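Structure assessment
Single-letter residue listing:
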Amino acid sequence: MTTTTASHSPTPVTVLGLGAMGSAIARTFLDRGHPVTVWNRTAEKAAPLAEAGAATAETAAEAAAASPLVVVCLLDHEAVDAVLADVGGAVGGKVLVNLTSDSPAQARTTERWAAEHGAEYIDGGIMADPPDLGTSHAHFSFSGSRAAFEAHEPTLMELGNGTYYGEDAGLASVEFMAQVGTAYELLLGFLHTLRLVKLEGADPAEFADRVADSIAASYPPLLRGIGKAVRDGEFPPDMGPLSVQAALMDDLIDHRRANGVDAARMVEVKRLMDRRIADGHGDEGFSGLFPLLGEGS
Ligand code: FVH
(Lines give C-alpha, C1' and ligand atoms only; values in the text may rest on other atoms or scores of the structure.)
Protein backbone atom coordinates (compact mmCIF):
# COMPACT_ATOMS: atom_id res chain seq x y z
CA MET A 1 0.00 0.00 0.00
CA THR A 2 1.44 3.37 -1.00
CA THR A 3 0.15 6.85 -0.17
CA THR A 4 1.12 9.81 -2.31
CA THR A 5 0.25 13.49 -2.69
CA ALA A 6 -0.02 15.67 -5.77
CA SER A 7 2.53 16.46 -8.49
CA HIS A 8 2.14 17.66 -12.10
CA SER A 9 2.07 15.98 -15.49
CA PRO A 10 0.55 17.11 -18.79
CA THR A 11 -0.72 13.65 -19.82
CA PRO A 12 -3.77 13.96 -22.08
CA VAL A 13 -6.86 12.67 -20.27
CA THR A 14 -10.29 11.62 -21.46
CA VAL A 15 -13.21 11.86 -19.04
CA LEU A 16 -16.34 9.79 -19.77
CA GLY A 17 -19.28 10.98 -17.68
CA LEU A 18 -19.87 14.62 -16.79
CA GLY A 19 -22.15 14.49 -13.80
CA ALA A 20 -21.21 16.48 -10.71
CA MET A 21 -18.14 14.34 -10.06
CA GLY A 22 -17.03 13.69 -13.65
CA SER A 23 -17.24 17.43 -14.39
CA ALA A 24 -15.16 18.21 -11.29
CA ILE A 25 -12.59 15.62 -12.39
CA ALA A 26 -12.38 17.07 -15.91
CA ARG A 27 -12.13 20.62 -14.58
CA THR A 28 -9.36 19.67 -12.16
CA PHE A 29 -7.31 18.16 -14.98
CA LEU A 30 -7.94 21.23 -17.14
CA ASP A 31 -6.90 23.54 -14.30
CA ARG A 32 -3.66 21.58 -13.94
CA GLY A 33 -2.80 22.01 -17.62
CA HIS A 34 -3.77 18.58 -19.01
CA PRO A 35 -5.26 18.36 -22.49
CA VAL A 36 -8.75 17.02 -21.71
CA THR A 37 -11.30 15.35 -23.96
CA VAL A 38 -14.80 14.87 -22.57
CA TRP A 39 -17.94 12.93 -23.44
CA ASN A 40 -21.31 12.68 -21.73
CA ARG A 41 -24.54 10.89 -22.67
CA THR A 42 -26.38 14.22 -22.35
CA ALA A 43 -24.09 16.28 -24.55
CA GLU A 44 -25.09 19.72 -23.18
CA LYS A 45 -23.29 18.99 -19.91
CA ALA A 46 -19.99 19.27 -21.79
CA ALA A 47 -20.56 22.95 -22.67
CA PRO A 48 -18.98 24.57 -19.55
CA LEU A 49 -15.92 22.34 -19.90
CA ALA A 50 -15.64 23.09 -23.62
CA GLU A 51 -15.67 26.79 -22.73
CA ALA A 52 -12.85 26.10 -20.27
CA GLY A 53 -10.77 24.48 -23.01
CA ALA A 54 -11.80 20.81 -23.13
CA ALA A 55 -12.23 19.04 -26.46
CA THR A 56 -15.63 17.42 -26.84
CA ALA A 57 -16.24 14.10 -28.55
CA GLU A 58 -19.41 12.96 -30.33
CA THR A 59 -19.16 9.41 -29.02
CA ALA A 60 -17.62 7.64 -26.04
CA ALA A 61 -15.41 5.63 -28.42
CA GLU A 62 -14.10 8.81 -30.08
CA ALA A 63 -13.34 10.28 -26.66
CA ALA A 64 -11.57 7.13 -25.46
CA ALA A 65 -9.40 7.08 -28.59
CA ALA A 66 -8.18 10.63 -27.90
CA SER A 67 -6.03 10.03 -24.77
CA PRO A 68 -3.74 7.40 -23.24
CA LEU A 69 -5.56 7.81 -19.92
CA VAL A 70 -9.32 7.28 -19.95
CA VAL A 71 -11.20 8.13 -16.75
CA VAL A 72 -14.75 6.89 -16.32
CA CYS A 73 -17.06 8.42 -13.69
CA LEU A 74 -20.69 7.43 -14.16
CA LEU A 75 -23.66 6.84 -11.91
CA ASP A 76 -23.15 3.12 -11.32
CA HIS A 77 -21.84 -0.16 -12.66
CA GLU A 78 -24.77 -0.58 -15.08
CA ALA A 79 -23.96 2.80 -16.64
CA VAL A 80 -20.29 1.77 -16.94
CA ASP A 81 -21.30 -1.46 -18.70
CA ALA A 82 -23.49 0.47 -21.12
CA VAL A 83 -20.84 3.07 -21.96
CA LEU A 84 -17.97 0.58 -22.23
CA ALA A 85 -20.06 -1.51 -24.63
CA ASP A 86 -20.05 1.54 -26.92
CA VAL A 87 -16.35 2.23 -26.33
CA GLY A 88 -15.33 -1.33 -27.24
CA GLY A 89 -11.87 -1.69 -28.82
CA ALA A 90 -11.23 2.09 -28.79
CA VAL A 91 -9.78 1.60 -25.32
CA GLY A 92 -7.13 -0.84 -26.60
CA GLY A 93 -3.61 0.14 -25.52
CA LYS A 94 -4.98 2.70 -23.04
CA VAL A 95 -5.18 2.80 -19.27
CA LEU A 96 -8.80 2.73 -18.13
CA VAL A 97 -9.43 4.29 -14.71
CA ASN A 98 -12.91 3.64 -13.38
CA LEU A 99 -13.84 6.06 -10.58
CA THR A 100 -17.50 5.05 -10.58
CA SER A 101 -18.63 3.66 -7.22
CA ASP A 102 -18.75 -0.12 -7.54
CA SER A 103 -18.47 -3.29 -5.49
CA PRO A 104 -15.25 -5.34 -5.42
CA ALA A 105 -16.90 -7.97 -7.65
CA GLN A 106 -18.03 -5.32 -10.15
CA ALA A 107 -14.51 -3.85 -10.22
CA ARG A 108 -13.05 -7.27 -11.05
CA THR A 109 -15.66 -7.74 -13.79
CA THR A 110 -14.70 -4.40 -15.37
CA GLU A 111 -11.03 -5.36 -15.08
CA ARG A 112 -11.75 -8.53 -17.07
CA TRP A 113 -13.60 -6.47 -19.70
CA ALA A 114 -10.59 -4.13 -19.97
CA ALA A 115 -8.17 -7.03 -20.37
CA GLU A 116 -10.36 -8.53 -23.11
CA HIS A 117 -10.22 -5.17 -24.93
CA GLY A 118 -6.46 -4.68 -24.57
CA ALA A 119 -6.54 -2.02 -21.84
CA GLU A 120 -4.84 -1.89 -18.48
CA TYR A 121 -7.24 -1.27 -15.62
CA ILE A 122 -7.26 0.76 -12.44
CA ASP A 123 -10.31 0.89 -10.21
CA GLY A 124 -10.83 3.79 -7.84
CA GLY A 125 -13.09 4.95 -5.05
CA ILE A 126 -13.73 8.62 -4.32
CA MET A 127 -14.08 9.78 -0.73
CA ALA A 128 -14.76 13.45 -1.49
CA ASP A 129 -17.35 15.98 -2.57
CA PRO A 130 -16.93 17.48 -6.06
CA PRO A 131 -15.80 20.94 -4.80
CA ASP A 132 -12.95 19.28 -2.86
CA LEU A 133 -11.36 17.74 -5.92
CA GLY A 134 -7.79 18.84 -6.46
CA THR A 135 -7.37 19.59 -2.73
CA SER A 136 -5.96 17.61 0.16
CA HIS A 137 -9.55 17.05 1.39
CA ALA A 138 -10.21 14.68 -1.53
CA HIS A 139 -9.23 11.06 -0.83
CA PHE A 140 -9.05 8.29 -3.40
CA SER A 141 -8.48 4.56 -3.16
CA PHE A 142 -6.86 2.89 -6.18
CA SER A 143 -6.13 -0.72 -7.11
CA GLY A 144 -5.44 -2.76 -10.21
CA SER A 145 -2.47 -2.73 -12.58
CA ARG A 146 0.54 -1.59 -10.59
CA ALA A 147 2.50 -0.70 -13.74
CA ALA A 148 -0.37 1.45 -15.02
CA PHE A 149 -0.83 3.08 -11.65
CA GLU A 150 2.86 3.92 -11.33
CA ALA A 151 2.94 5.28 -14.89
CA HIS A 152 0.01 7.62 -14.25
CA GLU A 153 0.40 8.25 -10.55
CA PRO A 154 1.43 11.93 -10.93
CA THR A 155 -1.66 12.61 -13.04
CA LEU A 156 -4.06 10.75 -10.75
CA MET A 157 -2.63 12.54 -7.74
CA GLU A 158 -3.73 15.83 -9.28
CA LEU A 159 -7.19 14.86 -8.03
CA GLY A 160 -6.21 14.70 -4.35
CA ASN A 161 -4.63 12.26 -1.93
CA GLY A 162 -4.53 8.74 -3.24
CA THR A 163 -3.64 5.37 -1.79
CA TYR A 164 -2.86 2.34 -3.94
CA TYR A 165 -4.02 -0.93 -2.33
CA GLY A 166 -2.61 -3.55 -4.71
CA GLU A 167 -3.02 -5.47 -7.96
CA ASP A 168 -6.43 -6.94 -7.11
CA ALA A 169 -8.81 -4.48 -8.79
CA GLY A 170 -11.42 -5.06 -6.07
CA LEU A 171 -9.28 -3.66 -3.26
CA ALA A 172 -10.04 0.00 -3.95
CA SER A 173 -13.72 -0.80 -3.62
CA VAL A 174 -13.17 -2.78 -0.42
CA GLU A 175 -11.73 0.42 1.06
CA PHE A 176 -14.39 2.66 -0.50
CA MET A 177 -17.29 0.49 0.69
CA ALA A 178 -15.86 0.35 4.23
CA GLN A 179 -15.29 4.12 4.35
CA VAL A 180 -18.69 5.04 2.97
CA GLY A 181 -20.39 2.33 5.06
CA THR A 182 -18.83 3.79 8.20
CA ALA A 183 -20.26 7.19 7.35
CA TYR A 184 -23.78 5.88 6.69
CA GLU A 185 -23.84 3.73 9.85
CA LEU A 186 -22.71 6.64 12.01
CA LEU A 187 -24.80 9.30 10.33
CA LEU A 188 -28.11 7.44 10.44
CA GLY A 189 -27.70 7.28 14.21
CA PHE A 190 -26.92 11.00 14.21
CA LEU A 191 -30.09 11.79 12.23
CA HIS A 192 -32.22 9.83 14.70
CA THR A 193 -30.58 11.72 17.54
CA LEU A 194 -31.23 15.07 15.84
CA ARG A 195 -34.89 14.08 15.66
CA LEU A 196 -34.88 13.56 19.40
CA VAL A 197 -33.07 16.85 19.97
CA LYS A 198 -35.60 18.72 17.83
CA LEU A 199 -38.57 17.06 19.52
CA GLU A 200 -37.16 18.12 22.88
CA GLY A 201 -37.07 21.74 21.67
CA ALA A 202 -33.32 22.16 21.27
CA ASP A 203 -31.79 23.67 18.12
CA PRO A 204 -30.38 20.81 15.96
CA ALA A 205 -27.77 23.07 14.31
CA GLU A 206 -26.49 24.38 17.64
CA PHE A 207 -26.48 20.83 19.03
CA ALA A 208 -24.50 19.63 15.99
CA ASP A 209 -21.97 22.39 16.69
CA ARG A 210 -21.57 21.19 20.25
CA VAL A 211 -21.27 17.53 19.22
CA ALA A 212 -18.63 18.43 16.65
CA ASP A 213 -16.56 20.01 19.41
CA SER A 214 -17.15 17.40 22.12
CA ILE A 215 -18.14 13.75 21.46
CA ALA A 216 -17.21 13.76 17.76
CA ALA A 217 -13.86 15.41 18.54
CA SER A 218 -12.97 12.33 20.58
CA TYR A 219 -13.72 9.95 17.68
CA PRO A 220 -10.32 9.85 15.93
CA PRO A 221 -8.45 8.30 18.88
CA LEU A 222 -11.50 6.21 19.80
CA LEU A 223 -11.83 4.77 16.27
CA ARG A 224 -8.09 4.00 16.14
CA GLY A 225 -8.28 2.30 19.54
CA ILE A 226 -11.29 0.20 18.53
CA GLY A 227 -9.60 -0.83 15.27
CA LYS A 228 -6.52 -1.97 17.21
CA ALA A 229 -8.67 -3.82 19.77
CA VAL A 230 -10.55 -5.69 17.01
CA ARG A 231 -7.29 -6.55 15.24
CA ASP A 232 -5.63 -7.81 18.44
CA GLY A 233 -8.71 -9.43 20.00
CA GLU A 234 -8.03 -7.58 23.25
CA PHE A 235 -10.74 -5.21 24.41
CA PRO A 236 -9.80 -2.45 26.86
CA PRO A 237 -12.52 -0.44 28.65
CA ASP A 238 -12.94 2.06 25.80
CA MET A 239 -15.84 4.42 26.68
CA GLY A 240 -15.73 2.81 30.14
CA PRO A 241 -16.50 -0.76 31.29
CA LEU A 242 -19.56 -2.42 29.72
CA SER A 243 -21.02 -2.97 33.19
CA VAL A 244 -21.15 0.82 33.67
CA GLN A 245 -22.25 1.62 30.11
CA ALA A 246 -25.11 -0.90 30.27
CA ALA A 247 -26.66 0.88 33.27
CA LEU A 248 -27.25 3.93 31.05
CA MET A 249 -28.87 2.09 28.18
CA ASP A 250 -32.38 1.65 29.58
CA ASP A 251 -32.63 5.41 30.15
CA LEU A 252 -31.45 6.11 26.60
CA ILE A 253 -33.99 3.64 25.23
CA ASP A 254 -36.85 4.98 27.39
CA HIS A 255 -36.04 8.59 26.43
CA ARG A 256 -36.25 7.73 22.74
CA ARG A 257 -39.42 5.68 23.08
CA ALA A 258 -41.10 8.42 25.14
CA ASN A 259 -40.52 10.81 22.21
CA GLY A 260 -41.53 8.30 19.53
CA VAL A 261 -37.97 8.12 18.19
CA ASP A 262 -36.67 4.82 16.83
CA ALA A 263 -34.69 3.06 19.59
CA ALA A 264 -33.78 -0.06 17.57
CA ARG A 265 -30.03 0.59 17.52
CA MET A 266 -29.98 1.32 21.26
CA VAL A 267 -31.95 -1.85 21.99
CA GLU A 268 -29.40 -3.80 19.93
CA VAL A 269 -26.49 -2.20 21.81
CA LYS A 270 -28.12 -3.03 25.15
CA ARG A 271 -28.77 -6.63 24.08
CA LEU A 272 -25.14 -7.09 23.04
CA MET A 273 -23.88 -5.48 26.26
CA ASP A 274 -26.06 -7.77 28.37
CA ARG A 275 -24.76 -10.82 26.46
CA ARG A 276 -21.13 -9.80 26.84
CA ILE A 277 -21.55 -9.01 30.52
CA ALA A 278 -23.32 -12.34 31.08
CA ASP A 279 -20.34 -14.03 29.39
CA GLY A 280 -18.07 -12.50 32.04
CA HIS A 281 -16.68 -9.57 30.03
CA GLY A 282 -18.25 -6.64 31.89
CA ASP A 283 -14.81 -5.09 32.39
CA GLU A 284 -14.31 -4.67 28.65
CA GLY A 285 -15.29 -1.54 26.74
CA PHE A 286 -17.51 -0.93 23.72
CA SER A 287 -15.06 -2.74 21.41
CA GLY A 288 -15.78 -5.88 23.46
CA LEU A 289 -19.11 -6.19 21.60
CA PHE A 290 -17.22 -7.09 18.42
CA PRO A 291 -16.93 -10.86 19.05
CA LEU A 292 -20.74 -11.06 19.23
CA LEU A 293 -21.32 -9.55 15.80
CA GLY A 294 -22.10 -11.91 12.94
CA GLU A 295 -23.25 -14.65 15.30
CA GLY A 296 -26.85 -13.99 14.38
CA SER A 297 -27.26 -13.66 18.12
N1 FVH B 1 -21.11 13.45 -6.12
C2 FVH B 1 -20.57 13.02 -5.01
O3 FVH B 1 -20.49 13.76 -4.08
C4 FVH B 1 -20.08 11.58 -4.85
C5 FVH B 1 -18.97 11.40 -3.90
C6 FVH B 1 -18.50 10.00 -3.71
C7 FVH B 1 -18.49 9.16 -4.97
N8 FVH B 1 -19.41 9.53 -5.97
C9 FVH B 1 -19.58 8.62 -7.10
O10 FVH B 1 -19.21 9.24 -8.33
C11 FVH B 1 -19.98 8.67 -9.37
C12 FVH B 1 -20.61 9.79 -10.18
O13 FVH B 1 -21.40 10.58 -9.33
P14 FVH B 1 -21.96 11.99 -9.79
O15 FVH B 1 -22.11 12.82 -8.56
O16 FVH B 1 -21.16 12.55 -10.87
O17 FVH B 1 -23.42 11.56 -10.31
P18 FVH B 1 -24.37 12.38 -11.30
O19 FVH B 1 -24.17 13.83 -11.16
O20 FVH B 1 -25.74 11.86 -11.06
O21 FVH B 1 -23.88 11.94 -12.77
C22 FVH B 1 -24.11 10.64 -13.24
C23 FVH B 1 -23.41 10.45 -14.55
O24 FVH B 1 -23.66 9.12 -15.05
C25 FVH B 1 -24.25 9.24 -16.36
N26 FVH B 1 -25.09 8.11 -16.61
C27 FVH B 1 -26.01 7.54 -15.78
N28 FVH B 1 -26.58 6.49 -16.35
C29 FVH B 1 -26.01 6.36 -17.57
C30 FVH B 1 -26.17 5.44 -18.65
N31 FVH B 1 -27.03 4.40 -18.56
N32 FVH B 1 -25.43 5.61 -19.76
C33 FVH B 1 -24.55 6.64 -19.85
N34 FVH B 1 -24.34 7.55 -18.85
C35 FVH B 1 -25.07 7.40 -17.75
C36 FVH B 1 -24.96 10.56 -16.35
O37 FVH B 1 -25.19 10.94 -17.67
P38 FVH B 1 -26.37 12.01 -18.02
O39 FVH B 1 -27.54 11.65 -17.14
O40 FVH B 1 -25.82 13.35 -17.70
O41 FVH B 1 -26.64 11.80 -19.46
C42 FVH B 1 -23.93 11.43 -15.62
O43 FVH B 1 -22.87 11.76 -16.47
C44 FVH B 1 -21.03 7.76 -8.73
O45 FVH B 1 -20.62 6.41 -8.87
C46 FVH B 1 -21.01 8.19 -7.27
O47 FVH B 1 -21.36 7.15 -6.37
C48 FVH B 1 -19.93 10.83 -6.13
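Since the structure is predicted, the reported quantities are computational estimates derived from the model, not experimental observations.

Here the focus is the UniProt feature "domain: 6-phosphogluconate dehydrogenase NADP-binding" (unreviewed entry) in the chain. UniProt records the feature "domain: 6-phosphogluconate dehydrogenase NADP-binding" (unreviewed entry) for residues 13-165 in the present numbering. The distance separating the terminal C-alpha atoms of residues 13-165 is 23 Å; by composition the span is 38% helix and 24% strand.

Another point: the pairing of strand β2 (residues 13-16). Side chains V13 and V15 project from β2 onto one buried face, and the interleaved T14 and L16 project onto a second face that is buried too. Bridge analysis of β2 against strand β3 (residues 36-39) gives 4 bridges, and the strand direction is parallel. Residue pairing across strands places V15 opposite V38, the latter belonging to β3. Crossover β2 to β3 through helix α1 (residues 20-31) is right-handed. Note: β2 against strand β5 (residues 69-72), 4 bridges, orientation parallel.

Below, the discussion takes up the environment of L199. On the secondary structure map, L199 appears in helix α7 (residues 171-199). Considering only alpha carbons, one finds L199 and G260, 61 residues apart in sequence, at a separation of 9.3 Å. Those residues in contact with L199 that sit more than four places away from it in its chain are N259 and V261.

Phi is positive for M239, which is not a glycine, with a value near 65 degrees. Here M239 lies in the loop between α9 (219-232) and α10 (242-258). The class of M239 is partly exposed, set by 14 C-beta atoms lying within 10 Å.

Contacts to the ligand come from 22 residues, most closely from G19, M21, R41, T42 and S101. Mapped onto the shell around the ligand, the elements with two or more residues apiece are α1 and α4 (77-87). Residue classes in the shell around the ligand are distributed as 11 nonpolar, 7 polar and 4 charged.

The subject of this paragraph is the UniProt feature "domain: NADPH-dependent reductive aminase-like C-terminal" (unreviewed entry) in the chain. Within this structure's numbering, the places UniProt gives as "domain: NADPH-dependent reductive aminase-like C-terminal" (unreviewed entry) are residues 168-292. Secondary structure across residues 168-292 divides into 68% helix and 0% strand, with the first and last C-alpha atoms of the span separated by 30 Å.

For the rest of this paragraph, the subject is α10. Here α10 is 17 residues long and its end C-alpha atoms lie 25 Å apart, about the 24 Å a rise of 1.5 Å per residue gives. Looking at α10, one finds that the buried residues are L242, Q245 and R256. Contact partners of the buried residues in α10: α7 and α11 (264-278). Two residues or fewer after α10 comes G260, characterised by a positive phi angle close to 70 degrees.

When pLDDT is averaged across the chain, the result is 95; 96% of the residues are at 70 or more. Ignoring residues within four places in sequence, the model shows residues 2-8, a span with pLDDT below 50, making 15 contacts including any to other chains. Quick note on the complex model: pTM equals 0.92, ipTM equals 0.99.

In terms of burial, strand β8 (residues 139-144) is a largely internal element, 5 of the 6 residues being buried. Note: strand β7 (residues 120-127) against β8, 6 bridges, orientation antiparallel. Bridge pairing in β8 places M127 opposite H139. Sheet topology note: the β8/strand β9 (residues 161-164) ladder contains 4 bridges and is parallel.

The nonpolar side chains of a soluble globular protein tend to be buried, and buried together. Core analysis: the largest hydrophobic core is formed by 56 residues, its most contacted members being V15, I25, V38, V70, V71, V72 and V97. Broken down by element, the residue count for this core peaks at 5 residues, all from α1. Each residue touching V38, except ones within four places of it in the same chain, is listed here: V15, L18, A26, A46, L49, A54, T56 and A63. Core analysis: the second largest hydrophobic core is formed by 5 residues, L242, L272, M273 and L289 among them.

The rules behind each value
Residues numbered from 1 in each chain as written. Predicted model: local features only at pLDDT ≥ 70, side-chain atom pairs only at ≥ 80, totals over all residues. UniProt positions renumbered as here; feature names shortened; annotations may be inferred. Helix = DSSP H or I, 4+ residues; strand = E, 2+ residues; numbered from the N terminus. Buried ≥ 20, exposed ≤ 12 C-beta atoms within 10 Å, placed from the backbone. Pairing = 2+ DSSP bridges. Right-handed = clockwise from strand over helix to strand, strands pointing away. Contact = placed C-beta atoms within 7 Å. Near = placed C-beta within 6 Å. Nonpolar A, V, L, I, M, F, W, Y, C, P; charged D, E, K, R; others polar. Expected span 1.5 Å × (residues − 1). pLDDT = per-residue confidence, 0-100. Core = buried A, V, L, I, M, F, W, Y, C linked by C-beta atoms within 7 Å.

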